[in-house]
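Survey of secondary and tertiary structure
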Amino acid sequence: VKAAKEHSIPQDLKKVLENKVMETVVGLSHVKLSVVERTCSGDADSEGIVSKSVSSHSDLIPGVYEGGLKIWECTFDLMDYLSEAEIEFTNKTVLDLGCGAGLLGIVALQGEAARVHFQDYNSTVIDEITLPNVVANCISEGRRMGSGKDRKASKPPSKRARKAESSSDVLSRCRFFSGEWSQVSQLLSNSKPCVKYDIILTSETIYNPDYYSALHDTLAQLLDRNGRVYLASKVHYFGVGGGVCLFEKFIEGKNVFRTSMVKTIDQGLQRCIMEIAFK
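Cut-offs applied
- Residues numbered from 1 in each chain as written.
- Predicted model: local features only at pLDDT ≥ 70, side-chain atom pairs only at ≥ 80, totals over all residues.
- Heavy atoms only, no water.
- UniProt positions renumbered as here; feature names shortened; annotations may be inferred.
- Helix = DSSP H or I, 4+ residues; strand = E, 2+ residues; numbered from the N terminus.
- Buried < 20%, exposed > 50% of the residue type's maximum accessible area, 1.4 Å probe, protein only.
- Contact = heavy atoms within 4.5 Å.
- Pairing = 2+ DSSP bridges.
- Axes fitted to C-alpha atoms, helices over the stretch in contact; angles between N-to-C directions.
- Phe/Tyr/Trp six-rings, centres within 6.5 Å; stacked < 30°, edge-to-face > 60°.
- Lys NZ or Arg CZ within 6 Å of the ring centre and 35° of its normal.

- Looking up the protein chain in an unreviewed UniProt entry gives the name protein-histidine N-methyltransferase, with the organism given as Cardinalis cardinalis.
- Reading the Sequence similarities (unreviewed entry) entry of the UniProt record for the protein chain gives the comment "Belongs to the methyltransferase superfamily. METTL18 family."

Below you can see the structure in the form of structure tokens.
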């Protein structure tokens, strides 16, 4: 079990982006992974997950590395759905669970969420990928968070002009956590006041049935009574055995949540977006 840890945001934001090369996808900046692989080779990252992932040619090493270095395709499916369904983030408290690159949480920030928390299993992912991505997207030239200029992330903001936020203002709305779900859930639940989320966003987190219990309990612990979970997934994960039907059955058996399929994507491997809420 990987212990939970909150990652502090450095005062000097330039240091966060030092030695990072950024690319752009769907209007958002993100760290170029091949450069991270070079700079974190050997023992340069404390967990050694970069070299282990590269040497084993694997995006998943259960209990060691859970895929957060890579942007998985269902992330883009969920981003599209959030835009199409005009999910409202304004003044909401949002959790990007299993965040990896943090693109879903960044979309929530652009949608003027009051607070956005990012969680990934690996601390290296938070330090080398998530935090730099959030910093890089905070303020770019001539644009502020919430402008929706590059991508419509939620309902259009009010026409009344707001002052552009500084990077530190945007980051003051963020917190970053690493560790196993049950540990992070315990850390957040024990904080005063206890943290509850209006919206939990999560993508490609139900590939392994062994994790269903921890995921279900985390959602039950952290979701606000009137909150919603938006989960993006492949219908079936070959080789690891997880998938939508299996997770739906698991949730049904627990009798805590209700689920509904809000979107199905048929290109390539069938994928879908599931909405989860308390019964």
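A look at the side chain of His216
- Position of His216 among the secondary structure elements: in helix α9 (residues 212-222).
- Looking at His216, the relative accessible area reads 2%, which means it is buried.
- Discounting residues that sit within four places of it in the chain, His216 has contacts with Phe250, Ile251, Lys254, Val256 and Phe257.

As for the sheet that holds strand β7 (residues 197-203)
- Strand order in the open sheet formed by eight strands is β1-β6-β5-β4-β7-β8-β10-β9, with mixed pairing between adjacent strands. Unpaired on one side and paired on the other, β1 (5-7) and β9 (257-265) mark the two borders of the sheet. On average, each strand axis in the sheet is tilted by 20° relative to the strand beside it, whichever way the strands run.
- Sheet contacts for helix α8 (residues 181-189): β4 (93-97), β5 (115-120), β6 (174-178) and β7; angle to β6, the most-contacted strand, approximately 135°.
- Packing of helix α10 (residues 244-254) onto the sheet brings it into contact with β8 (223-234), β9 and β10 (271-278), and relative to β10 it is tilted by some 10°.

A closer look at the environment of Pro10
- For Pro10, the location among the structural elements is in the loop between β1 and α1 (13-16).
- Assessed through its relative accessible area of 34%, Pro10 is described here as partly exposed.
- Through-space distance from the C-alpha of Pro10 to that of Leu131 is 9.8 Å; in sequence the pair is 121 residues apart.

A short note on unusual backbone geometry
- Located in the positive-phi region is Asn19, a residue other than glycine, with phi close to 65°.
- Of note, the phi angle at Glu86 is positive, near 50°, even though the residue is not glycine.
- Take Glu86: it is sitting in the loop between α4 (73-84) and β4.

What about the packing of aromatic side chains?
- Inspection of the entire model under this criterion finds eight aromatic pairs.
- Members of the aromatic cluster, joined through ring pairs, are Trp181, Tyr207, Tyr211 and Tyr237.
- Over the ring of Trp72 we find Lys70, and its NZ or CZ is 4.3 Å from the ring centre.
- Stacked on the ring of Phe278, the Lys or Arg Arg225 has its end atom at 4.3 Å from the ring centre.

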